[in-house]
Amino acid sequence: MTLRLYDTATRSVRDFVPREAGKVGVYLCGLTLQAPPHIGHLRSGVNYDVLRRWLLAAGNEVTFIRNLTDIDDKILVRAQEQERPFWSIAYANELKLAEAYRALNVLPPTYEPRATGHIPEMHQLIAQLIERGHAYPATDGSGDVYFDVRSWPAYGALSNQSPDDMQSADCAPERGKRDPRDFALWKGAKPDEPADAYWPSPWGRGRPGWHIECSAMCWRYLGAEFDIHGGGLDLIFPHHENELAQSQAADLPFARYWVHHGLLGIGGTKMGKSLGNTLDLAYVAGLGVRPVELRYYYVAAHYRSRIDYSEEALREAAVAYRRIEGFVQRAVERIGAGQPGELPAAFAAAMDDDLNTSAALAVLHDVLRDGNNALAGGDDVTVRTTLAGIRAMLDILGVDPLDPAWTGGARASDLRDVVDSLVALALEQRAQARVRKDWAAADALRDQLKRAGVVVEDTPQGPRWTIGEHD
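Residues numbered from 1 in each chain as written. Predicted model: local features only at pLDDT ≥ 70, side-chain atom pairs only at ≥ 80, totals over all residues. Heavy atoms only, no water.

## Some thoughts on the UniProt feature "binding site: ATP" (unreviewed entry) in the protein
Moving on, step 1. The positions UniProt marks with the feature "binding site: ATP" (unreviewed entry) are Lys-273.
Moving on, step 2. You can see Lys-273 is positioned in the loop between strand 12 (269-270) and helix 7 (281-286).
Moving on, step 3. Using a relative accessible area of 34% as the deciding quantity, one classes Lys-273 as partly exposed. (UniProt positions renumbered as here; feature names shortened; annotations may be inferred. Helix = DSSP H or I, 4+ residues; strand = E, 2+ residues; numbered from the N terminus. Buried < 20%, exposed > 50% of the residue type's maximum accessible area, 1.4 Å probe, protein only.)

Set out below in structure tokens:
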């Protein structure tokens, strides 16, 4: 089955055919770095990481670009509030974002360009737009340059609206515009903003508008035409509409598919810093939910669906993941880890159907049921094939418990060996107490292990232990 994706531009699910067979170029709009990331931001990274993993599993070479907006009105406001250089705020938040993505096992992008590193490309695009009659410098001496919305008849096609129904663009004052809907490509320097937040340009000292940066970086790293442009539903208008208009007006074909993910809200509203309703990874950790369980929470929903955050739903996802993890642990104890195997056809079909991860997880849980039955019945052949299939599915979703991203690699493996030996010693002492029928001593050893975070479960094959809450 061919991968099919919902394309916002055509408002339909289309067969995905890359521009060049076996090679896929993806551009994901990254964060504006005025503040640390919250769990709403991080859903984007996980969703497109799953898309990337699925494209890679199909044998494609994927060039994955995820930008960083490190100059913007919001960042400059923070700089003034905190009396810090704008770039120090942006860089501090860039580091926090990278740390959060690593915690969630999001693969690093092929390249992660910053807006401030691509001023020359932006100047070149703006000059082309002026030359073609699609942009104009303001005549009020501000140094602003605007895109002329009325010069581009297709404006509004992506968001399926008419310019006549649009409100004024609020990215710059209207005083130098020909039309209130025209948006800023270049913003002239203003005396009340930080003195180091500007660059020279043919139109005067200033800085880029938000929209032009992505067109420039797409062009620089993926060429005039590329396969997939991604981002949240809230970016369709005006950001992506403006990107598409200015790029095509500059004679760049631009993105072949527009893939947008649903937002993660809270209490029926969007999660945002300005609303004061954001939750971060530290908050989730305080609930006893691990990053792998948060990632599972994200992928359990279809990428285009809205998630309205609730602690109950997050905990339910964590419990569901622990059941999967428990099977993997018991199977590994029985027959060894092995390697991920073949993907079940039903799982692949679900993923090819517009990345339907919720249906894919239903397949995984069906296989999990068979695996648990095989464990209970001592059928090691079925346990081995089931474990291999489950690990293959979990790997696509980025939540394989045996992935070094979750185990910590060799260092954590060494630590596990040490802990294993110490726990084995305690379990041996407990077993001896049980032989002596000293139940109080046996229970005391079990309780001491539990207080240390080690849960002991007595099974027909002997005691087994896990770290964390038993359910």
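## Concerning empty space enclosed by the protein
If you roll a probe as big as a water molecule over the atoms, it shows you where there is empty space left.
Moving on, step 1. This model, assessed by the stated rule, comprises 1 cavity of 30 Å³ or more.
Moving on, step 2. Here the largest cavity defines a volume of roughly 50 Å³.
Moving on, step 3. Every residue lining the largest cavity is listed: Asn-47, Val-50, Val-299, Ala-301, Tyr-303, Leu-355 and Thr-357.
Moving on, step 4. Residues belonging to the lining of the largest cavity are distributed by class as follows: 5 nonpolar, 2 polar and no charged. (1 Å grid on protein atoms, 1.4 Å probe; cavity = no way out; pocket = protein on both sides within 12 Å on 5 of 7 lines; lining within 4 Å. Points joined across faces, edges and corners; volume = space filled by probe spheres on them. Nonpolar A, V, L, I, M, F, W, Y, C, P; charged D, E, K, R; others polar.)

## Description of the sheet that holds strand 4 (residues 61-66)
Moving on, step 1. In spatial order, the strands read 4-3-9-10; together these 4 strands make up an open sheet with parallel pairing. Every interior strand has two partners, whereas the edge strands, strand 4 and strand 10 (254-261), have only one. Each adjacent strand pair in this sheet contributes to an overall mean axis angle of 25°, direction not counted.
Moving on, step 2. Both strand 9 (residues 225-232) and strand 10 contribute to a ladder of 7 bridges, which runs parallel. (Pairing = 2+ DSSP bridges. Axes fitted to C-alpha atoms, helices over the stretch in contact; angles between N-to-C directions.)

## Observations regarding the pattern of salt bridges
Moving on, step 1. Scanning all chains against the criterion turns up 31 salt bridges.
Moving on, step 2. Of the charged contacts in the structure, one is a salt bridge between Arg-207 and Glu-193, with a shortest N-O distance of 3.2 Å. Placement of Arg-207 in strand 8 (residues 206-208) and of Glu-193 in the loop between strand 7 (183-188) and strand 8 is noted, with a sequence separation of 14 residues between them.
Moving on, step 3. Sharing partners across several salt bridges, the network here consists of Asp-73, Lys-187, Glu-193 and Arg-207. (Salt bridge = Lys/Arg side-chain N within 4 Å of Asp/Glu carboxyl O.)

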